[in-house]
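Secondary and tertiary structure notes
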Amino acid sequence: MSVLAPEAVDLLDPELYATGDPYPVWRWMRDHDPVRRHGETDHPAFWSVTRYDDVRTVYNDARVFSSAQGILLRPLAHGKDPGGGRTLALTDPPHHKALRSLVADWFTTRSVRALEDAMRAAVRQVVARAVELGECDFVTDIAARLPLYVICRLMGVPDHEQEMLFALTSKAFGAGDAQVRSIAHQEIMAYFVELMYRRMDRPEDDLVSALVNGEVDGKLLSEEDILLNCDNLLVGGTENVRLAVSGGMATFLDHPADWERLRADRGLMPSAVEEVLRWTSSATHIMRTVTEPVTLRDRLLEAGDKVVLWTPSANRDERHFADPDVFDIARRPNRHLALGSGEHFCLGAMMTRTEMRILFTELLDSVRRVERTGPEVPLRSIVVNGLESLPVRITAA
């Protein structure tokens, strides 16, 4: 089967990810032009990087490949990312390390283990509600709820305000309409302004208090920096799990024998979680900016050049993964890049894996059958790879 070269496909067209199939295009690029120059359009010019080894090289060299000027492609008309040089995701060492140290204690193995019972109880409530409904949207009614509950708990959002924040995040991260997403995001930021001022008056043992009272380079963070980092933590704490679990469930519905295999052998759960992460690869692209001339393969990249890492392509690279287009819940080793690598390896990686394990385990324990009641709806996005909606019927065990 012939595959169209990238000249005939717009990698920045959201419809490609909503209704098309970018994987054959990425495969062509890996084989024929793994570090490929894309000219300026309404987005800046950039280099596309599609092979696993090259993506890992860029991730692991934070000095030459900077995050501080933004990690996502933005239309030129939108200007610079306001979080550049100020948030966990958009800073370079040593500032990144200092900022990360303010919140790192909440994501240690000990902290995650201390939350497991609460996570399990939250999931049981979510699953029981879904069973009672009979038909639901797996994305919003199940996959989105646990990670939001966890990050709200860590950030100090009171229980009685979580449902309001859940409604807003469902619109901000999952709505198909850009205006709806934008308005919801503004309301989320307004909420965190209020919470920030509460914690200034009365600090508690939570992430927002840590940002309000923590010092970086001997100085308190500005109010704007606090809010930008609240937003960064909320997105980072919810997106990966929501997209991975819902995409994973859709994949298990396509491969029911694998779901039953996992039901029969829970020892496969760790490798199944890793395979779901590899398979779904929720970050469609991550960007870096070159700080000094560097050669990547046979291409000379100049200071100021944008480099776009196509994570799903790296995680399907035939040079690194045997049978990469096969979903294999027993795959070992599985050194995917779904959670990044190097300085910016996902701060909440342990939390993400634990939430996924608990969600899948509780579904296997308490649900006899999950079946589609309608077509899934992929997100129309060049930023994240996943589902906007997955309508299902859930039958109790």
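Predicted model, so just to flag it, every value in this text is computed and none were measured.

Definitions and cut-offs
Residues numbered from 1 in each chain as written. Predicted model: local features only at pLDDT ≥ 70, side-chain atom pairs only at ≥ 80, totals over all residues. Heavy atoms only, no water. Axes fitted to C-alpha atoms, helices over the stretch in contact; angles between N-to-C directions. Helix = DSSP H or I, 4+ residues; strand = E, 2+ residues; numbered from the N terminus. Parallel < 35°, antiparallel > 145°, perpendicular 65-115°, else oblique. Left-handed = near helix turned anticlockwise from the far one by under 90°. Contact = heavy atoms within 4.5 Å. Nonpolar A, V, L, I, M, F, W, Y, C, P; charged D, E, K, R; others polar. Salt bridge = Lys/Arg side-chain N within 4 Å of Asp/Glu carboxyl O. Buried < 20%, exposed > 50% of the residue type's maximum accessible area, 1.4 Å probe, protein only. Phe/Tyr/Trp six-rings, centres within 6.5 Å; stacked < 30°, edge-to-face > 60°. Pairing = 2+ DSSP bridges.

1. What about the packing of helix H5 (residues 109–133) against helix H7 (residues 145–155)?
Two elements in contact, H5 and H7, have axes separated by 10 Å at closest approach and are oriented at 140°. Looking at the two axes, H5 sits oblique to H7. Judged by the twist between their axes, the crossing of H5 over H7 is right-handed. Between H5 and H7, the residues in contact are Leu115, Ala118, Met119, Ala122, Val123, Val126 and Arg129 and Arg145, Leu146, Tyr149, Val150, Arg153 and Leu154, respectively. Of the residues that constitute the contact of H5 with H7, the class distribution is 10 nonpolar, no polar and three charged.

2. Details of the pattern of salt bridges
Within this structure, the stated rule accounts for 36 salt bridges. The salt bridge partner of Arg36 is Asp33, with a shortest N-O separation of 2.8 Å. With a relative accessible area of 12%, Asp33 lands in the buried category. The residue Arg319 makes a salt bridge to Asp317 at a minimum N-O spacing of 2.9 Å. Exposure remark for Asp317: the relative accessible area of 2% places this residue in the buried category. One network of salt bridges, with partners in common, ties together Arg27, Arg30, Asp31, Arg316, Asp317, Glu318, Arg319 and Asp325.

3. Examining the packing of aromatic side chains
Tallying each qualifying case throughout the model produces 10 aromatic pairs. Look at Tyr17 and Trp26: their rings are 6.2 Å apart centre to centre, the planes differ by 35°, and that puts the pair in the tilted class. Between the aromatic rings of Trp279 and Phe327, the centroid separation amounts to 5.6 Å while the plane-to-plane angle is 65°, which identifies the pairing as edge-to-face. Note that Trp279 is positioned in helix H13 (residues 269–280) and Phe327 in the loop between helix H14 (311–314) and helix H15 (349–366), a separation of 48 residues in sequence.

4. Quick word on the sheet that holds strand S7 (residues 286–290)
With mixed pairing, five strands are arranged side by side in an open sheet as S1-S2-S10-S7-S3. Looking at which strands have only one partner, the edges of the open sheet turn out to be strand S1 (35–38) and strand S3 (65–66). Of the pairings in the sheet, the one linking S3 to S7 comprises two bridges and is antiparallel in character. Each residue of the ladder has a partner; that of Ser66, found in S7, is Thr289. Each of S1, strand S2 (46–49), S3, S7 and strand S10 (306–309) is contacted by helix H3 (residues 52–59), which is oriented at about 125° to S10, the strand it contacts most.

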